[in-house]
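So you can see what is in the structure, the chains are spelled out below.
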Amino acid sequence: MRPPGGFLPSPGTAPGSRTATDMRGSVVPGDLLDGVGGWGRAATPAGAFHLLPVRIGRDLPRISRWMNDPAVAAFWDLAGPETVTAAHLRRQLAGDGRSVPCLGVLEGTPMSYWEIYRADLDPLARSYPARPHDTGIHLLLGAVADRGRGLGGVLLRAVADLVLDRRPACVRVVAEPDLRNTPSVTAFLTAGFRFSAEIDLPAKRVALMIRDRALCEWL
């Protein structure tokens, strides 16, 4: 689900602070995503879930294996040797923090790959009327057994809620699944996102999906 190219207590900084905690526990002034690694756990119908920032030495074999699943490769374009996935991860980890790759851990088991990113600072912002602090989500469910049973929608709702709870400056969570990826679009709709528009990106046509803070507060 990526373009090619009730909460439990959490550690870290209080919402709204100008500092946050990184994956090593260090304080990062002005963190662009308010310390994803310290957002804490979310209680979901499927169990306790949290985002764990990626470490290449620990996580590369698992993520590369997922990327080589033909059903995944059709939309992520990262199939091949581990060096392909490693280069994709390193570009994010070596950047300014506008995109954070994470494992999704459900009941203690890493089972999904996520990218939490600043959509307003991404090339995507050239293709839609972005607002300051718009936060984007990409999701990949790793195991075949976890697909097709509604789990994507459950986790997308939980992560969107985490974004809006932990990032007070953010009023919208956005996503841009490939229009051909019907299960992905359906999962976002199930998670409370609304279809906003079809937009053309360099490599594909996508559905712009938006989850508004107002909806989160109403629910």
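Residues numbered from 1 in each chain as written. Predicted model: local features only at pLDDT ≥ 70, side-chain atom pairs only at ≥ 80, totals over all residues. Heavy atoms only, no water.

Peer 1: Would you explain the confidence of the model for the chain in this entry?
Peer 2: If pLDDT is low for a region, its predicted coordinates should not be looked at in detail. Counting all residues, the mean pLDDT for the chain is 87, and 84% of those residues have values of 70 or more. Scored below 50 in pLDDT, residues 2-29 shows 59 contacts in the model against residues more than four places distant or in partner chains. (pLDDT = per-residue confidence, 0-100. Contact = heavy atoms within 4.5 Å.)

Peer 1: Mind showing me how you'd approach the pattern of salt bridges here?
Peer 2: As a working rule, side chains carrying opposite charge can pair if their charged atoms are close by. Applying the stated criterion across every chain yields a total of 13 salt bridges. A salt bridge links D200 to R205; the shortest N-O distance between them is 2.7 Å. Relative accessible area serves as the criterion here: at 52%, D200 is assigned to the exposed category. In this structure R205 comes out as partly exposed when scored by relative accessible area, which is 35%. (Salt bridge = Lys/Arg side-chain N within 4 Å of Asp/Glu carboxyl O. Buried < 20%, exposed > 50% of the residue type's maximum accessible area, 1.4 Å probe, protein only.)

Peer 1: Where do I start with the side chain of R213 in this structure?
Peer 2: With respect to the helices, strands and loops of the structure, R213 is situated in helix α6 (residues 213-218). Its relative accessible area of 17% is what places R213 among the buried residues. A distance of 3.0 Å separates a polar atom in the side chain of R213 from the backbone oxygen of R167. Aside from chain neighbours lying at most four places away, what touches R213 is L164, R167, P168, C170 and V171. (Helix = DSSP H or I, 4+ residues; strand = E, 2+ residues; numbered from the N terminus. Polar contact = N/O pair within 3.5 Å; in protein donor to acceptor, adjacent residues only side chain to side chain.)

Peer 1: Can you walk me through the packing of helix α1 (residues 56-67) against helix α3 (residues 82-93) in this structure?
Peer 2: The packing of two helices is summarised by the inter-axis angle and the distance between the axes. One can describe the packing of α1 onto α3 by two numbers: an axis separation of 9 Å at closest approach and a directional angle of 125 degrees. Between α1 and α3, the angle is such that the two are oblique. Helix-helix and strand crossings are classified by hand; for α1 and α3 the assignment is right-handed. Of α3, the residues touching α1 (which contributes I56, L60, P61, I63, S64 and M67) are E82, T85, A86, L89, R90 and L93. (Axes fitted to C-alpha atoms, helices over the stretch in contact; angles between N-to-C directions. Parallel < 35°, antiparallel > 145°, perpendicular 65-115°, else oblique. Left-handed = near helix turned anticlockwise from the far one by under 90°.)

Peer 1: Please explain the packing of aromatic side chains as it appears in this structure.
Peer 2: Two aromatic rings are characterised by how far apart their centres lie and by the angle between their planes. Counted under the stated rule, the structure contains three aromatic pairs. Aromatic pair W76 and Y113: ring centres 5.6 Å apart, planes at 65 degrees, arrangement edge-to-face. Here Y113 lies in strand β6 (residues 109-118) and W76 lies in helix α2 (residues 70-76), a separation of 37 residues in the sequence. Look at F188 and F193: their rings are 5.0 Å apart centre to centre, the planes differ by 80 degrees, and that puts the pair in the edge-to-face class. (Phe/Tyr/Trp six-rings, centres within 6.5 Å; stacked < 30°, edge-to-face > 60°.)

Peer 1: Can you walk me through the environment of R58 in this structure?
Peer 2: With respect to the helices and strands, the residue R58 is situated in helix α1. With relative accessibility at 38%, the residue R58 sits in the partly exposed group. Not counting residues within four places of it along the chain, the set of residues in contact with R58 comprises L52 and P53.

Peer 1: Please clarify how the sheet that holds strand β3 (residues 42-44) should be interpreted in this entry.
Peer 2: Backbone-to-backbone hydrogen bonds pair the strands of a sheet. The strands run either parallel or antiparallel. One open sheet holds the eight strands; their spatial order is β3-β4-β5-β6-β7-β8-β10-β9, and the pairing between them is mixed. Looking at which strands have only one partner, the edges of the open sheet turn out to be β3 and β9 (194-201). Going across the sheet, the axis of each strand differs from the next one's by a mean of 30 degrees, ignoring polarity. Inspection of the sheet shows strand β8 (residues 172-175) paired to strand β10 (residues 204-212) by four bridges, in the antiparallel sense. Among the inter-strand pairings, R172 is bridged to a residue of β10, identified as D212. This element, α1, spans β4 (47-53), β5 (99-106), β6 and β7 (135-141) of the sheet and lies at about 90 degrees to β6. Packing against the sheet, helix α4 (residues 151-166) makes contact with β3, β4, β5, β6, β7, β8 and β10, and its axis sits at approximately 150 degrees to β7. (Pairing = 2+ DSSP bridges.)

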